Amino acid sequence: GLYALREEENVGEKVLLLDGGMRTLNCAVVNGEEVEFCKSFYDEVSVSVLLSYFRQLLEEKYHEIPTTRGLIERIFEKGELNSGFTKVDVQEEKEKAIELFTERFLELVEREFSSLHHDFEQIVLVGGISYYVRKELLEKLGNIPVLVPEKDAEFMNAKGMHLIEGGTVLDLGYGWAKFFGKGTKEDENERVSEEVLEIELV
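Every value quoted in this text rests on a predicted model; they were computed, and no experiment measured them.

**Observations regarding the overall build of the chain**
At step 1: A count of helical and extended segments in the chain gives seven helices and 10 strands.
At step 2: Residue burial in the chain is summarised as follows: out of 202 residues, 45% are buried.
At step 3: Contacts spanning at least 24 positions in sequence make up 52% of the contacts within the chain whose residues lie at least 6 apart.
At step 4: Summed over its atoms, the accessible surface of the chain is roughly 11800 Å², and 47% of this surface lies on carbon and sulfur atoms.

Written out as structure tokens, the structure is:
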């Protein structure tokens, strides 16, 4: 992911890389191409935790809430809930969930990385979680610059593998599978749910 990002952005030589997805946050201090430190967090600050905050907020206001993560994620992305024959705007609950999640995210990053023996000159955030953790809030941690890609953040790992190895790349995650390949005119990427991917592979 960092390899792909360095092709597109001005990335420092020594960075704290945070790669967050549906169930995990993978972290590494990378100096050039050498990984000096790495640590993973499972279900502490992931998209699934964000969705659980969102679901709790919905349950406080509405009686019938879907139980599956996929449906909750769809409501979250749309900011809209179907309640019977009525569509309800849940943008307020979505923003509140993001706020609660970001506080938790910042607490973990500060706790785990403020006293590392490995220094870094930049914080880089990639993966699906980068859609929801706001750069300005990360910048409140101190004066180390923060880089969050403006687009395709969750495709960075697949794009990097494509640049290194070529061909079509499949990045399997806990909630979404991303694939990246060379199109006829430009690079193309797409993400599908694991359920859809399984059907297509069969």
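After that view, the rundown keeps rolling.
**So, the packing of aromatic side chains**
At step 1: By the definition in use, this model includes six aromatic pairs.
At step 2: Each ring, one from Phe-37 and one from Phe-113, has its centre 6.3 Å from the other, and the planes form 85°; the classification is edge-to-face. Remark: Phe-113 occurs in helix 4 (residues 91-113) and Phe-37 occurs in strand 3 (residues 34-42); sequence separation between them is 76 residues.
At step 3: Of the residues examined, Phe-113 reaches a relative accessible area of 4% and is grouped as buried.
At step 4: A centroid spacing of 6.4 Å and a plane angle of 90° characterise the contact between Phe-41 and Phe-113, whose relative ring orientation is edge-to-face. Taken together, the residues span a long stretch of sequence, with Phe-41 in strand 3 and Phe-113 in helix 4 at a distance of 72 residues. You'll find Phe-41 and Phe-113 in the same group, each marked buried.

**With respect to the side chain of Lys-14**
At step 1: Positionally, Lys-14 belongs in strand 1 (residues 14-20).
At step 2: Within the structure, the side chain of Lys-14 is placed 3.2 Å from the side chain of Glu-36, a separation counted as a polar contact.
At step 3: If near-sequence neighbours (up to four positions away) are discounted, Lys-14 is found in contact with Val-29, Val-30, Asn-31, Glu-36, Asp-119, Phe-120, Glu-121 and Gln-122.

**Concerning the packing of helix 2 (residues 47-61) against helix 3 (residues 69-78)**
At step 1: Relative to each other, helix 2 and helix 3 sit at 80°, their axes nearing to 10 Å. Considered as vectors, helix 2 and helix 3 are oriented roughly perpendicular to each other. Where helix 2 abuts helix 3, its residues Leu-50, Leu-51, Phe-54, Arg-55 and Leu-58 lie against Arg-69, Ile-72, Glu-73, Ile-75 and Phe-76.
At step 2: Among the residues forming the contact of helix 2 with helix 3, the class breakdown is seven nonpolar, no polar and three charged.

**Examining the pairing of strand 2 (residues 24-31)**
At step 1: With six of eight residues buried, strand 2 is to be regarded as a mostly interior element.
At step 2: Relative to strand 2, strand 1 is paired through seven bridges, and the arrangement is antiparallel. When the sheet's bridge partners are listed, Asp-19 is paired in strand 2 with Asn-26.
At step 3: Where strand 1 hands over to strand 2, the hairpin turn is made up of three residues, counted between the paired strands.
At step 4: The sheet contact formed by strand 2 and strand 3 spans eight bridges and is antiparallel. Following the sheet pairing, Asn-31 is matched in strand 3 by Glu-34.

**Observations concerning the nonpolar core**
At step 1: Leu-18, Leu-25, Phe-54, Val-90, Phe-101, Phe-105 and Leu-125 are the most contacted members of the largest nonpolar core, which totals 41 residues.
At step 2: Counting residues per element, the ones that place at least two in this core are strand 1, strand 2, helix 2, helix 3, helix 4 and strand 6 (122-126).
At step 3: Aside from chain neighbours lying at most four places away, what touches Leu-25 is Leu-18, Asp-19, Gly-20, Lys-39, Ser-40, Phe-41, Val-45, Phe-105 and Leu-108.
At step 4: By size, the runner-up hydrophobic cluster in this structure holds 12 residues, among which are Leu-2, Val-15, Leu-17 and Ala-28.

**Overview of the pattern of salt bridges**
At step 1: Going through the model one piece at a time under the given rule, you end up with 11 salt bridges.
At step 2: In this structure, Glu-44 and Arg-111 form a salt bridge, with 3.7 Å as the shortest nitrogen-oxygen distance. Highlighted residues: Glu-44 in the loop between strand 3 and helix 2 and Arg-111 in helix 4, separated in sequence by 67 residues.
At step 3: Owing to a relative accessible area of 30%, Glu-44 belongs among the partly exposed residues under this scheme.
At step 4: Within the structure, one salt-bridge network assembled from shared partners comprises Lys-39, Glu-44, Arg-111 and Glu-112.

Basis of the calculations
- Residues numbered from 1 in each chain as written.
- Predicted model: local features only at pLDDT ≥ 70, side-chain atom pairs only at ≥ 80, totals over all residues.
- Heavy atoms only, no water.
- Helix = DSSP H or I, 4+ residues; strand = E, 2+ residues; numbered from the N terminus.
- Buried < 20%, exposed > 50% of the residue type's maximum accessible area, 1.4 Å probe, protein only.
- Contact = heavy atoms within 4.5 Å.
- Areas by Shrake-Rupley, 256 points an atom, 1.4 Å probe, with all protein chains shown as cover.
- Phe/Tyr/Trp six-rings, centres within 6.5 Å; stacked < 30°, edge-to-face > 60°.
- Polar contact = N/O pair within 3.5 Å; in protein donor to acceptor, adjacent residues only side chain to side chain.
- Axes fitted to C-alpha atoms, helices over the stretch in contact; angles between N-to-C directions.
- Parallel < 35°, antiparallel > 145°, perpendicular 65-115°, else oblique.
- Nonpolar A, V, L, I, M, F, W, Y, C, P; charged D, E, K, R; others polar.
- Pairing = 2+ DSSP bridges.
- Core = buried A, V, L, I, M, F, W, Y, C linked by side-chain atoms within 4.5 Å.
- Salt bridge = Lys/Arg side-chain N within 4 Å of Asp/Glu carboxyl O.

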